[in-house]
Amino acid sequence: MLHDRGIPGSRANLDHLVVCPTGVFVVDAKRYQGRPRRVVEGGLFTPRTEKLLVGRRDCTKLVEAGLKQAELVREALSDDAVEVRSVLCFVEADWPLLGGDFVVRDVTVTWPRKLAVTIDRPGPLTEEQIAALHQRLATAFPPA
């Protein structure tokens, strides 16, 4: 894991980069209250759009930022074989007892325990590959 990494040429940062057997997770941790939910609008005669709401708060900009962060990581790795996924992890949100996590425009929205289970899954990357990816990301994104 790499924590609080700077994005060169920007004041922005990456909260967490997790390199594991299934690939790389770009995790943006948020401490928002309320129930996260995906809202789909439009469709038949208007463009379909997906929004992320937490309680009454529109958090769709977080999805867009997560997509951009994942793209920066993909560019830094320059290896299409490695899967890079963006995750929004809401720490104090009001999650339902069953189910709950979902995807908005290729960004996974979840909570810490569920994310830990996802990260812990077996995958195709070896320990040597994980170490090499970790080093490449540590170089590309210095501590903030």
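These figures come from a predicted structure and were not determined experimentally.

Criteria and cut-off values
Residues numbered from 1 in each chain as written. Predicted model: local features only at pLDDT ≥ 70, side-chain atom pairs only at ≥ 80, totals over all residues. Heavy atoms only, no water. Salt bridge = Lys/Arg side-chain N within 4 Å of Asp/Glu carboxyl O. Helix = DSSP H or I, 4+ residues; strand = E, 2+ residues; numbered from the N terminus. Phe/Tyr/Trp six-rings, centres within 6.5 Å; stacked < 30°, edge-to-face > 60°. Buried < 20%, exposed > 50% of the residue type's maximum accessible area, 1.4 Å probe, protein only. Pairing = 2+ DSSP bridges. Core = buried A, V, L, I, M, F, W, Y, C linked by side-chain atoms within 4.5 Å. Contact = heavy atoms within 4.5 Å.

Draft legend 1. Expanded view of the pattern of salt bridges. The full count for this structure, using the stated rule, is eight salt bridges. The partner of arginine 31 in a salt bridge is glutamate 92, with the nearest N and O atoms 2.8 Å apart. With arginine 31 in the loop between strand 3 (23–30) and strand 4 (36–41) and glutamate 92 in the loop between strand 7 (84–90) and strand 8 (102–104), this residue pair connects regions lying 61 residues apart in the sequence. Its salt-bridge partner being arginine 85, residue glutamate 83 comes within 3.2 Å of it at the nearest N-O pair.

Draft legend 2. Here's a closer look at the packing of aromatic side chains. Within the structure shown, the criterion is met by three aromatic pairs. Taking 4.9 Å as the distance between ring centres and 45° as the angle between the ring planes, the aromatic pair formed by tryptophan 95 and tryptophan 111 counts as tilted. Highlighted residues: tryptophan 95 in the loop between strand 7 and strand 8 and tryptophan 111 in the loop between strand 9 (107–110) and helix 2 (112–119), separated in sequence by 16 residues. Assigned by exposure class, tryptophan 95 and tryptophan 111 land together as buried.

Draft legend 3. Here's a closer look at the sheet that holds strand 5 (residues 49–54). One open sheet accounts for three strands, arranged 4-5-6; its pairing is antiparallel. Whereas interior strands pair on both sides, the edge strands pair on one side only; in this sheet they are strand 4 and strand 6 (57–58). Two strands pair when backbone bridges link them, and strand 4 and strand 5 are joined in this way by six bridges, in the antiparallel orientation. Across the sheet, the residue bridging to arginine 38 is leucine 52, located in strand 5.

Draft legend 4. Region of the structure containing the nonpolar core. In terms of nonpolar packing, the biggest core is built from 17 residues, with Leu14, Leu17, Val24, Val73, Leu77, Val84 and Leu137 touching the most fellow members. For this core, the secondary-structure elements that each account for two or more residues are strand 2 (13–20), strand 3, helix 1 (60–77) and helix 3 (127–140). With near-sequence residues (within four places) excluded, valine 73 lies in contact with Leu14, Leu17, Val24, Val26, Val84, Leu137 and Phe141. Residues Leu52, Cys59, Leu88 and Phe90 belong to the second largest nonpolar core, which totals 15 residues.

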